[in-house]
Amino acid sequence: MQDLRISLTDRCNFRCQYCMPAEVFGEHYEFLPKPALLTFEEITRLCSVFSSMGIRKIRLTGGEPLLRKNTPKLVGMIRSGTQIEEVTLTTNGAMLRRYAMELKNQGLSRVSISLDSLNDDVFREMNGSSIGLPDVLDGIDAASAAGFHPIKINCVVVRGKNDQGVLDMVEHFRHTGHVLRFIEFMDVGTRNNWEMESVISSEELISMISVKYPLEPLPQNYLGEVAGRYAYKDGAGEIGFISSVTQPFCVNCTRARLTPDGRLVTCLFAASGTSLRDPMRAGASDEDILELIRGVWSRRTDRYSEERSAQTNLNEWSAARSKIEMYQLGG
Ligand code: SAM
Ligand code: SF4
């Protein structure tokens, strides 16, 4: 295990079709009640336990992590109260204008911002909310002004939805120093109407982009890095591709995940997790929790994406599996 993602909340101000479709997560959907969520003190304590196993990087995510009250304070608590050296954040950017500077001041190392289109109509259609593109672009500017660099811009490409805008995204982010990363639409959870036909492979995107802007591969930054890194040959910067559907990387996966209610999950496509919150609230010591984490991690056998690749009917096979939803795992 090398890194840990913590989903701070199952709530979100967006309803991205590929994550929390509005028709499923409507007005009456019951999200976790507040007492079920890990408190900031519990999160910090768990970070400390994970750091005693050698974990040095934590990513805060969600749901929308900036919806949790006082997320910058949590960043500060983790940085000052544990051995964790890098706290990073994945956000939809809509509230970043308000929090960017505070996050920086509390010691956040990096920020990744999700953005699926530069066309406001397509953007709203994909995010299923009334929040428009200017708020997110403003959030990116605010993060940049606060000193975050480089900023990663994550774009999930769904065939027939935002694929026409891929080159616009490329052109907008070339030369900015931000690293645009295209993510293959994944069959996380069971409620996002995933089908293989909607996935645009990284290979297809690379071929398409290269016609206009030739690319060359860059070496991995570290073993287990999920994005394939490329450079524009004309020196316009870096671009990345995350291909977990067409090029599964289970074998090198070193990532653990914590759900908002404190379940440790060992795979993005897992059906369940192991509660760390319950033993903690029942009085377990740090050593007990460490033992529990070590046991879960050493017994893991997950290789979902590799298994999916071996199927002839991917859609049926995927739909029949029970899986935790994306907003509980944080991507
Ligand atoms: N709300 C924050 C955001 O959107 O950045 C953080 C949580 S979100 C679950 C984390 C990342 O997962 C986002 O970049 C999002 O685009 C990506 N994501 C969500 N559902 C996905 C799916 N089905 N396939 C691929 N990526 C997905
Ligand atoms: Fe919210 Fe992020 Fe999921 Fe979109 S991808 S619904 S912004 S949690």
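Look above for the structure.
What you see is a predicted model; the values in this text were computed from it and never measured. (Residues numbered from 1 in each chain as written. Chains lettered and ligands numbered in written order. Predicted model: local features only at pLDDT ≥ 70, side-chain atom pairs only at ≥ 80, totals over all residues. Heavy atoms only, no water.)

Brief notes about the pattern of salt bridges
A complete count under the given rule lists 17 salt bridges for this structure. Notably, a salt bridge pairs Lys-212 with Glu-171, separated by 2.9 Å at the nearest N-O pair. Taken together, the residues Lys-212 in helix H7 (residues 202-212) and Glu-171 in helix H6 (residues 166-173) connect sequence positions 41 residues apart. Classification of Glu-171 by relative accessible area gives partly exposed; the value is 33%. The shortest N-O distance in the salt bridge between Glu-325 and Arg-191 comes to 3.9 Å. With a gap of 134 residues between them, Glu-325 in the loop between helix H11 (314-319) and helix H12 (326-329) and Arg-191 in the loop between strand S6 (179-184) and H7 connect regions that are remote in the sequence. Given the relative accessible area of 6%, Glu-325 is considered buried. Of the residues examined, Arg-191 reaches a relative accessible area of 32% and is grouped as partly exposed. Each of the salt bridges in this network shares a partner with another, and the network as a whole consists of Asp-187, Arg-308 and Lys-323. (Salt bridge = Lys/Arg side-chain N within 4 Å of Asp/Glu carboxyl O. Helix = DSSP H or I, 4+ residues; strand = E, 2+ residues; numbered from the N terminus. Buried < 20%, exposed > 50% of the residue type's maximum accessible area, 1.4 Å probe, protein only.)

Some remarks on helix H3 (residues 96-105)
Of the positions making up H3, those classed as buried are Leu-96, Tyr-99, Ala-100 and Leu-103. In a view along the axis of H3, the buried residues occupy a sector of 130°, so they form one face of it. Exposed residues pointing more than 90 degrees away from the buried face of H3 are listed as Arg-98 and Asn-105. Lining the buried residues of H3 we find helix H2 (71-81), strand S3 (86-91), strand S4 (110-114) and helix H5 (133-145). Looking one or two residues beyond H3, the residue adopting positive phi is Gly-107, at roughly 105°. (Arc of directions from axis to C-beta. Contact = heavy atoms within 4.5 Å.)

Quick notes on the pairing of strand S9 (residues 238-242)
Most of S9 sits out of view: 4 of its 5 residues are buried. Here strand S8 (residues 227-232) pairs with S9 via 5 bridges, running antiparallel. When the bridges of S9 are listed, Ala-231 appears paired with Glu-238. Once S8 ends, the chain turns through 5 residues before running back antiparallel as S9, passing Gly-235 with a positive phi of about 85°. (Pairing = 2+ DSSP bridges.)

Focus: the sheet that holds strand S5 (residues 152-157)
Spatial strand order, S7-S8-S9-S6-S5-S4-S3-S2-S1-S10-S11-S12: 12 strands in an open sheet with mixed pairing. Taken across any chain shown, the strands that pair with only one partner, and hence form the sheet edges, are strand S7 (215-217) and strand S12 (274-275). Where S6 meets S9, 4 bridges bridge the pair, whose relative direction is parallel. In the sheet register, Phe-182 faces S9, and the bridge partner there is Phe-241.

Comments concerning the site of ligand 1
In the vicinity of ligand 1 lie 20 residues, with Tyr-18, Gly-63, Thr-91, Ser-114 and Met-186 positioned nearest. Thr-91 is positioned such that a nitrogen or oxygen atom in its backbone is 3.2 Å from an oxygen atom of ligand 1. Protein contact buries 95% of the 550 Å² of open area that ligand 1 shows by itself. For the shell around ligand 1, the elements supplying multiple residues, two or more each, are S3, S5 and S6. Split by residue class, the shell around ligand 1 holds 7 nonpolar, 11 polar and 2 charged. (Near = heavy atom within 4 Å. Polar contact = N/O pair within 3.5 Å; in protein donor to acceptor, adjacent residues only side chain to side chain. Areas by Shrake-Rupley, 256 points an atom, 1.4 Å probe, with all protein chains shown as cover. Nonpolar A, V, L, I, M, F, W, Y, C, P; charged D, E, K, R; others polar.)

Looking at the environment of Val-211
Residue position: Val-211 is located in helix H7. In this structure the C-alpha to C-alpha distance between Val-211 and Gly-228, which are 17 residues apart in sequence, comes to 18 Å.

As for the side chain of Arg-5
Mapped onto the fold, Arg-5 is located in strand S1 (residues 3-7). Beyond its immediate chain neighbours, meaning those up to four positions away, Arg-5 contacts Arg-59, Thr-61, Arg-255, Ala-256, Arg-257, Leu-258, Leu-329, Gly-330 and Gly-331.

Re the side chain of Thr-266
Topologically, Thr-266 is positioned in the loop between strand S11 (263-265) and S12. Excluding residues that lie within four positions of it along the chain, Thr-266 makes contacts with Arg-255, Val-296, Trp-297, Arg-300 and Asp-302.

A look at the packing of H3 against H5
It is at 8 Å that the axes of H3 and H5 come closest, and there the two elements cross at 15°. One way to sum up the angle between H3 and H5 is to call them roughly parallel. Viewed along their axes, H3 and H5 form a crossing whose handedness is right-handed. Counting all contacts with H3, which are made through Leu-96, Arg-97, Ala-100 and Met-101, the residues of H5 involved are Asp-138, Gly-139, Asp-141, Ala-142, Ala-143 and Ala-145. For the contact of H3 with H5, the residue count by class is 6 nonpolar, 1 polar and 3 charged. (Axes fitted to C-alpha atoms, helices over the stretch in contact; angles between N-to-C directions. Parallel < 35°, antiparallel > 145°, perpendicular 65-115°, else oblique. Left-handed = near helix turned anticlockwise from the far one by under 90°.)

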